[in-house]
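Observations on the model geometry
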Amino acid sequence: MKFTLKDYQGDAVRDALSNLKKGRKDWHDGAYRSAFSLTAVTGAGKTVMAAAAFEALFHGDDEYDFDADPGAVVIWFSDDPSLNEQTRFRLMEASDRIRHTDLMPVETTFNQSKFAAGKVYFLNTQKLGKNSLLVRGHDPEVLEAKAGTLLPETRPDLRSHTIWDTIRNTIEDPDLTLYLVLDEAHRGMGNLSAANQSAKSTIVQRLINGAHGVPGIPVVWGISATVERFKKAMEGAQKRITLPDVVVDSAKVQESGLIKDTIILDMPNEVGDFDTVLVRRATDKLKESTEAWAEYALQQEEPQTVIPLMVLQVPNTPDPNEIGRALDTIYQQWPALPSGAVAHVLGDHSTQQFGSRQVPHIAPERVQESTWVRVLIAKDAISTGWDCPRAEVMISFRTATDRTHITQLLGRMVRSPLARRIPGNDRLNTVDCLLPKFNAKTVGEVVDALMRGDDTLPAPTGRVLVNPVEMKSNPKAPQVVWDKFESLPSQTRPQRGAKPAKRLTALAHELASDDILAGAGKKAHAAMHAVLDKFQESEKAKIEAKRKAVMTVDGKTLVADLKGKSKSFDEFWEEADIAVIDDAYRRASRIFSPDISRTYVDAIAYREAAPENADEFEEALVEARVSVAALGMVTEVQAIFDAQADIVAKDWLATYNGAIKGLSHDRQESYRQIREMSAEPQDVDLVKPESRFEPTKARENETETALPTYKNHLLCDAQGNYPAELNSWEMKVVESEMKREGFSFWYRNPQQPGQSSLGIAYLSEDQYGIVRPDFIFFSTLEDGTVVANIVDPHGLHLADALPKLQGLALYAETHANAYGRIESVAEAGGKLRVLDLTNDQVRGAIATAKNAAGLFSGTLARDY
């Protein structure tokens, strides 16, 4: 892969490959068909995950312990040829093992008896429609009329096979396995029951269930943001096993920064026609976004790669003059906008006249790369699989009755332009939507629809805000307070199956690339070679026994005495051939990593023979591979090897942390991902927040209430105020802390992931989560020292209340010196009680507690 997969992506690929392996076995062993789904929110990288799975399917992958399927054939199916082309391009962009010639669009000239192994074929609904050249000669009614006769089939253009023949022949070939991937699997999925099959079958249903002599495809993999329709359809599919669904945790996607944190909805506060007003406001937002991205690129000393785009969404039957007036308003508000900066993706692919302006058509898949397009006119068809991360602003002229079209298009605009979160800058992690034809009631319905999701679009994990205000860094906060803030250790969520050696070599690569540590790769490999050398020296007897095991294949021969009615087993031993040695070596390389195993084999061979003597050196290489294979068979070696790799990586991250912090955000992101490649929580630095959007009003039904504001928050508006909706506990905590001697500033810790949110790892039912304490209060001592204090009002009604408290206690045990106080507050017996998590006795009680409520009502807690 050209990309390093996020942890959730790697987990999803591993689970998908497990299903593909089982599906293949079920088909070839018992002719059982199977199906499963991959569900992930928009922006999670479904195509990247598919690319990794295809690489392993075609070529095998040691990291996933997956052997290649030499007969694998994939059909990638969607209902949109442009979506297929976009997917094909993304697969080429992501994979370095799948050649472009292995990604084959099925054109109308296609004429093969079978699909070829090792390839992905792209098909769409139109290509299998009854008027397509690909299917002529496979008319179901004609075939039924000819059944049992010798009448020839009539095919156009001397075509010897229809596409249905090709599918049937591929399925029936015992050396091939046909896999069907349904992109946007929620679309076109009706009930697949036998009763429904009596009606005219849809194309998707025919592919899945089979019809008219063409069997159903053996393994079906549905991919979508929401697959409820797909799952229901599979329940009614004929004779098909349902394999475990692969569900990507949306919270992990949000943490990764691949999707934006905030959706902002702007609407008029009054009743009336405010189209022009909001068009001007949308234009200002586009201009501000453009300037913000330009400034960010300048700060990072990098060329500007994000050129923001505004989507102008129109009704299904738009008024060309109304669109023309909107375009005139845009150019009046921003005269510097180039005259040819508008395009459309409407159904009519010709140039359209809107008022006095002529606007050309552009294919949806070309919008992202065509940076000359700054304003895009669209209806709703653009939402099907469309991808344009630089779409930052949307103004919709649709009415409240069209809110589904609005939410679906908006859901396609949440992908982060740089595939990462911009640290501390909420403006660049936000998408804006302006709704001139909505009011407080109807915009609330859009918010509800976005937060609830539906069967075509899942609920987002970020925030949805209506008419918020941007908060900036408080100018009254001195640098010493911000220095303290940035020194506070936040934690990452541990990764399942993290491999320390892979982490170390990835770190070495980045350090060398950034000229921070010259020869880092060689140094990392040398350090791990030394570990293996030392282990070989100390465990000679064990390793020698394992060498013999590698070099010898043992077995038994059954001897049957037919006359005496008896049988016996004779043991035999044979010398292993190179294939057996290679297999044992490959298993060991999964422990030590393929890279380190390869360089260690070379290092051993160079000690034993000179490369100038080809025969001798080749023999030394084989012996070295046997040695590595034997090492991998000794149980104790992995723990020792992994521990040393972890030690070296942590040492380098600590030693070169200052140099890493001096890099651009893009480069720092690479190191942040490497820190996260650990089976244990890792400390990461907080980033000073420069901007954050906050609501100023609370809505209940149709009533709006202004939120109370507070002073001395680290973020504030131009008047120094910070709006906050606090419950009674939180309000009492804030008021009490502000009265403490030495209080200077406070920070409401965002509950959404981000580099400016303090996160603490906790373990619940063998799964790690992140708890984000509500408040950090800063106080100044007489000598000018700034002290940070965590005070977390802790709800006891949730099932994970105790695991979260235990996570906070473990954090306090190792990080107490970074704080003055770390306290958890909860209501018990009608009053607020507090636990001091820096106290050893309190932490001991938390570690062994059965529930959280008893701790706050016990003697270790005190009144707050």
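The sections below set out a description of the structure shown in this document.

Cut-off values and rules
- Residues numbered from 1 in each chain as written.
- Predicted model: local features only at pLDDT ≥ 70, side-chain atom pairs only at ≥ 80, totals over all residues.
- Heavy atoms only, no water.
- Helix = DSSP H or I, 4+ residues; strand = E, 2+ residues; numbered from the N terminus.
- Buried < 20%, exposed > 50% of the residue type's maximum accessible area, 1.4 Å probe, protein only.
- Areas by Shrake-Rupley, 256 points an atom, 1.4 Å probe, with all protein chains shown as cover.
- Pairing = 2+ DSSP bridges.
- Axes fitted to C-alpha atoms, helices over the stretch in contact; angles between N-to-C directions.
- Contact = heavy atoms within 4.5 Å.
- Parallel < 35°, antiparallel > 145°, perpendicular 65-115°, else oblique.
- Left-handed = near helix turned anticlockwise from the far one by under 90°.
- Nonpolar A, V, L, I, M, F, W, Y, C, P; charged D, E, K, R; others polar.
- Arc of directions from axis to C-beta.
- Salt bridge = Lys/Arg side-chain N within 4 Å of Asp/Glu carboxyl O.
- Expected span 1.5 Å × (residues − 1).
- Polar contact = N/O pair within 3.5 Å; in protein donor to acceptor, adjacent residues only side chain to side chain.
- Core = buried A, V, L, I, M, F, W, Y, C linked by side-chain atoms within 4.5 Å.
- Phe/Tyr/Trp six-rings, centres within 6.5 Å; stacked < 30°, edge-to-face > 60°.

**Here's the deal with the overall build of the protein chain**
In terms of regular secondary structure, the protein chain is built from 27 helices and 38 strands. Looking at the 864 residues of the protein chain, the share that counts as buried comes to 53%. When the accessible area of the protein chain is evaluated, it comes to approximately 39,000 Å², of which 50% is carbon and sulfur surface.

**Points about the sheet that holds strand β11 (residues 262-266)**
Strand order in this open sheet of seven strands is β13-β16-β12-β17-β18-β11-β19, and the pairing throughout is parallel. Edge positions in the open sheet fall to β13 (342-344) and β19 (463-466), since each of these has one partner strand only. Taking the axes of each pair of neighbouring strands and ignoring which way they run, one obtains an average angle of 20° across the sheet. In this structure, β13 lies alongside strand β16 (residues 375-378), joined through three bridges in parallel fashion. The residue bridging V342 from the neighbouring strand is V375, located in β16. Packing against the sheet, helix α10 (residues 275-299) makes contact with β11, β12 (309-313), β17 (391-396) and β18 (430-434), and its axis sits at approximately 180° to β17.

**Section: the packing of helix α2 (residues 46-59) against helix α3 (residues 81-94)**
The interhelical angle for the contact between α2 and α3, taken along N-to-C directions, is 60°, at an axis separation of 9 Å. With respect to each other, α2 and α3 are oriented oblique. As for how α2 packs across α3, the hand of that crossing is right-handed. For the pair α2 and α3, the contacting residues are T47, V48, A50, A51 and F54 in the first and T87, R90, L91 and A94 in the second. Split into classes, the residues belonging to the contact of α2 with α3 amount to six nonpolar, two polar and one charged.

**Side note on helix α14 (residues 479-487)**
Looking only at α14, the buried set comprises V481, W482, K484 and F485. Summarising the axial view, the buried residues of α14 lie within an arc of 155°, below the 170-degree limit, and thus occupy one face. Check the buried side of α14 and you find it contacts β20 (469-473), β31 (743-748), β34 (775-780) and β35 (786-793).

**Here's the deal with unusual backbone geometry**
A positive phi angle, near 55°, is found at H212, a position not held by glycine. In this structure, S593 takes a positive phi of about 85° despite not being glycine. Looking at the secondary structure, you find S593 in the loop between α18 (578-592) and α19 (594-608).

**Regarding the pairing of β20**
Across four bridges, the pairing between β20 and strand β25 (residues 691-694) is antiparallel. Bridge pairing links V469 to E694 in β25. Sheet topology places β20 next to strand β29 (residues 715-716); two bridges connect them, and they run antiparallel. In the strand pairing of β29, K472 is matched with C716.

**Here we look at the pattern of salt bridges**
Side-chain pairing between opposite charges can occur once the charged atoms of the two side chains come close. Across all of its chains, the model carries 58 salt bridges by this definition. Where K260 meets E392, a salt bridge forms, and the shortest distance between an N and an O atom there is 2.2 Å. Here the residue K260 occupies a position in the loop between α9 (250-256) and β11, and E392 occupies one in strand β17, the gap between them amounting to 132 residues. As far as the burial class goes, K260 and E392 line up, both buried. Here R503 makes a salt bridge to D646, at a shortest N to O gap of 3.0 Å. Of this pair, R503 sits in helix α15 (residues 500-513) while D646 sits in helix α21 (residues 637-655); the two residues are 143 residues apart in sequence, bridging distant segments of the chain. Judged by its relative accessible area of 2%, R503 falls in the buried class.

**Topic: helix α20 (residues 614-632)**
The end-to-end C-alpha distance of α20, which contains 19 residues, comes to 27 Å, matching closely the 27 Å that a straight helix rising 1.5 Å per residue would cover. Among all positions in α20, only F617, A620, L621, A624, V626, S627, V628, A629, A630, L631 and G632 are buried. Packed against the buried residues of α20 are α16 (520-538), α17 (540-551), α18, α19 and α21.

**Some details on the sheet that holds β20**
Strand order in the open sheet made by the three strands is β25-β20-β29, with antiparallel pairing throughout. Since the sheet does not close on itself, it has two edges, and those belong to β25 and β29, each with one partner.

**Things to note about the side chain of Q682**
Along the chain, the position of Q682 falls in the loop between α23 (665-676) and β24 (683-685). Q682 gets classed as buried once you look at its relative accessible area, which sits at 9%. Among the polar contacts listed, one links the side chain of Q682 to the side chain of S678, at a separation of 3.0 Å. Ignoring sequence-local partners within four residues, the contact set of Q682 consists of S490, Q491, T492, R503, K650 and R675.

**Digging into the nonpolar core**
If you look at the biggest cluster of nonpolar residues, it comprises 73 residues, and the most contacted ones within it are M49, F54, W221 and L265. Broken down by element, the residue count for this core peaks at ten residues, all from α2. Counting 55 residues, the second largest nonpolar core, distinct from the first, contains V481, V734, I760 and A828.

**A closer look at the packing of aromatic side chains**
On inspection of all chains with the given rule, the structure shows 19 aromatic pairs. A ring pair is formed by F54 and W76, whose centres lie 6.1 Å apart and whose planes are at 85°; its orientation type is edge-to-face. Placement of the pair is F54 in helix α2 and W76 in strand β2 (residues 72-78), with a sequence separation of 22 residues. Neither residue differs from the other here; F54 and W76 are each classed as buried. Relative to Y121, the ring of F110 has its centre 6.0 Å away and its plane inclined at 75°; by these criteria the two rings are edge-to-face. Residue F110 is found in the loop between β3 (103-105) and β4 (119-124), and its partner Y121 is found in strand β4; the two are separated by eleven residues along the sequence. Here a set of aromatic residues connected by ring pairs shows up, and it is made of F36, F54, F58, W76, F122 and W221.

**Describing the environment of R598**
Note that R598 resides in helix α19. Taking the C-alpha atoms as reference points, R598 and R625, separated by 27 residues in sequence, lie 8.6 Å from one another.

**Some details on the environment of T430**
Structurally, the position occupied by T430 is in strand β18. Its relative accessible area of 0% is what places T430 among the buried residues. A sequence separation of 32 residues divides T430 from G462, and the C-alpha atoms of the two residues are 9.9 Å apart. Here T430 is in contact with K260, T262, I264, E392 and F693, once residues within four sequence places are set aside. From its side chain, T430 meets the backbone oxygen of D426 in a polar contact 2.5 Å long.

**Observations regarding the environment of I377**
One can find I377 in strand β16. Exposure remark for I377: the relative accessible area of 0% places this residue in the buried category. In the structure, I377 is positioned 16 residues away from H361 in sequence and 9.3 Å away in space, judged by C-alpha atoms. Residues within four places of I377 in sequence aside, it is in contact with L312, V314, I323, L327, V342, A343, H344, V345, L346, F354 and V359.

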